[in-house]
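If you want the building blocks of each chain, they are given just below.
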Amino acid sequence: MLYQATWDDGRTIDLPMGKAVCVGRNYVAHAQELNNPIPDEPLLFMKPSSSFQAFDSEVKLREDLGQHHYEAELVILIGSVVDRDTVNYADAVIGVGLGLDLTLRSVQTRLKSQGLPWERAKAYDGSCALTPFTPVSKHHNLHNSEYRFWINGELKQQGDTSLMINSVEALIANISQVFSLYPGDIVMTGTPAGVGALAHGDKLQLQYENGEKYYSTAIIT
């Protein structure tokens, strides 16, 4: 699987799959709906490339693992190396898309209660469903972008980057102080309120809006 995007002038970019750095509790309302405290710094966890699947005609769920919850998020594609010596973090953002951070909520709750890591609930195969990426251009304003997620025609989540606790640039700056980001890595920037369970046969739609509208649709199989 490669990330592929095309600019208006016809140029294309192909990047290998890297890691996903995910941000928890980056919207106040989402933290509150799960009765979680607001973190003092970005709450980070990872998904490996084996967790990636395409959000296109279908999204496959690992039914053997139990019930899956959706968390719709704005996803940033990294196009150049970012580390603790980087000065301009925004220049590293080469693409923007949307994704579902699929979560085994009951497993996560159990692990949290025991003070254990979340990987079993968050990083399993297929737990990161990604739309195609749109190349970032001068028309994008990642500080004020909106996105929406529907299930069976019902609006479930509505995100606005101006409401994030930590902005896209602030997240990249914070992440890079802990571990480096490389071309093909992605950053999942956190989910707004409205998370819930998915069911077989659900029809899903993700929309990103920033001057123009981009849609991706899928069905749960």
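For the structure given in this document, a descriptive report is provided here. All of these numbers come straight from a predicted model, not from anything done at the bench. (Residues numbered from 1 in each chain as written. Predicted model: local features only at pLDDT ≥ 70, side-chain atom pairs only at ≥ 80, totals over all residues. Heavy atoms only, no water.)

Moving on to the packing of aromatic side chains. Following the criterion strictly, the structure yields two aromatic pairs and no others. Measuring from centroid to centroid gives 5.6 Å for F45 and W118, while their planes differ by 55 degrees, and the two rings are tilted. Within this pair, whereas F45 is found in strand 4 (residues 43-47), its partner W118 is found in the loop between helix 2 (105-113) and helix 3 (119-122), the two being separated by 73 residues in sequence. Taking relative accessible area as the criterion, F45 reaches 12% and is therefore assigned buried. Ring centres 5.1 Å apart and planes at 55 degrees place the aromatic pair Y70 and F149 in the tilted group. Taken together, the positions of Y70 in strand 7 (residues 69-70) and F149 in strand 12 (residues 146-151) put the pair 79 residues apart, joining distant regions of the chain. (Phe/Tyr/Trp six-rings, centres within 6.5 Å; stacked < 30°, edge-to-face > 60°. Helix = DSSP H or I, 4+ residues; strand = E, 2+ residues; numbered from the N terminus. Buried < 20%, exposed > 50% of the residue type's maximum accessible area, 1.4 Å probe, protein only.)

Looking now at the environment of L74. Its place among the elements puts L74 in strand 8 (residues 72-78). Overall, the relative accessible area of 0% leaves L74 in the buried class. As for L74 and T109, which are separated by 35 residues in sequence, their C-alpha atoms are 24 Å apart. Discounting residues that sit within four places of it in the chain, L74 has contacts with V96, G97, L98, Y147, T161, V168, V187, M188, T189, G190 and Y208. (Contact = heavy atoms within 4.5 Å.)

Okay, the nonpolar core next. Counting 43 residues, the largest nonpolar core has V59, I76, L100 and L204 as the members making the most contacts within it. If you list the elements that add at least two residues to this core, you get strand 3 (20-24), strand 8, strand 9 (93-101), helix 2, strand 12, helix 4 (168-176), strand 16 (203-210) and strand 17 (212-220). Here this core takes five residues from helix 4, the largest share from any one element. In this structure L204 touches F55, V59, L100, F149, W150, I151, L198, S216, T217, A218 and I220, once residues within four positions along its chain are discounted. (Core = buried A, V, L, I, M, F, W, Y, C linked by side-chain atoms within 4.5 Å.)

What the rule picks out here adds up to zero disulfides. Free of any disulfide, C128 has its nearest neighbouring cysteine sulfur in C22, separated by 6.1 Å. (Disulfide = S-S within 2.5 Å.)

Of note in the backbone geometry, R25 takes a positive phi value of approximately 55 degrees without being a glycine. When you line up the elements, R25 lands in the loop between strand 3 and helix 1 (28-33). Phi at N152 is positive, roughly 50 degrees, even though this residue is not glycine. Under the relative-accessibility criterion, N152 is labelled partly exposed at 48%.

Take the pairing of strand 13 (residues 154-160) next. Where strand 12 lies against strand 13, six bridges are found, and the strand directions are antiparallel. Looking across to strand 13, one finds that W150 is bridged to L155. Between the antiparallel neighbours strand 12 and strand 13 lie two residues, among them N152 with a positive phi of about 50 degrees. (Pairing = 2+ DSSP bridges.)

Throughout the structure, instances matching the rule amount to ten salt bridges. K122 is the salt-bridge partner of D101, the closest N and O atoms lying 2.8 Å from each other. Residue D101 is found in strand 9, and its partner K122 is found in helix 3; the two are separated by 21 residues along the sequence. By the burial criterion, D101 is buried, and K122 matches it. In this structure, the salt-bridge partner of E146 is R148, at a minimum N-O distance of 2.8 Å. On the accessibility criterion, E146 (27% relative accessible area) is partly exposed. Judged by its relative accessible area of 14%, R148 is buried. (Salt bridge = Lys/Arg side-chain N within 4 Å of Asp/Glu carboxyl O.)

Taken together, the side chains of V28, I38 and I165 make up a nonpolar region of the molecular surface, amounting to roughly 210 Å² of accessible area. Since its relative accessible area comes to 35%, I165 is described here as partly exposed. (Patch = residues over 30% accessible without salt bridge, like charges linked within 9 Å, V, L, I, M, F, W, Y side chains within 5 Å. Areas by Shrake-Rupley, 256 points an atom, 1.4 Å probe, with all protein chains shown as cover.)

What is shown is where atoms sit, not what they do.
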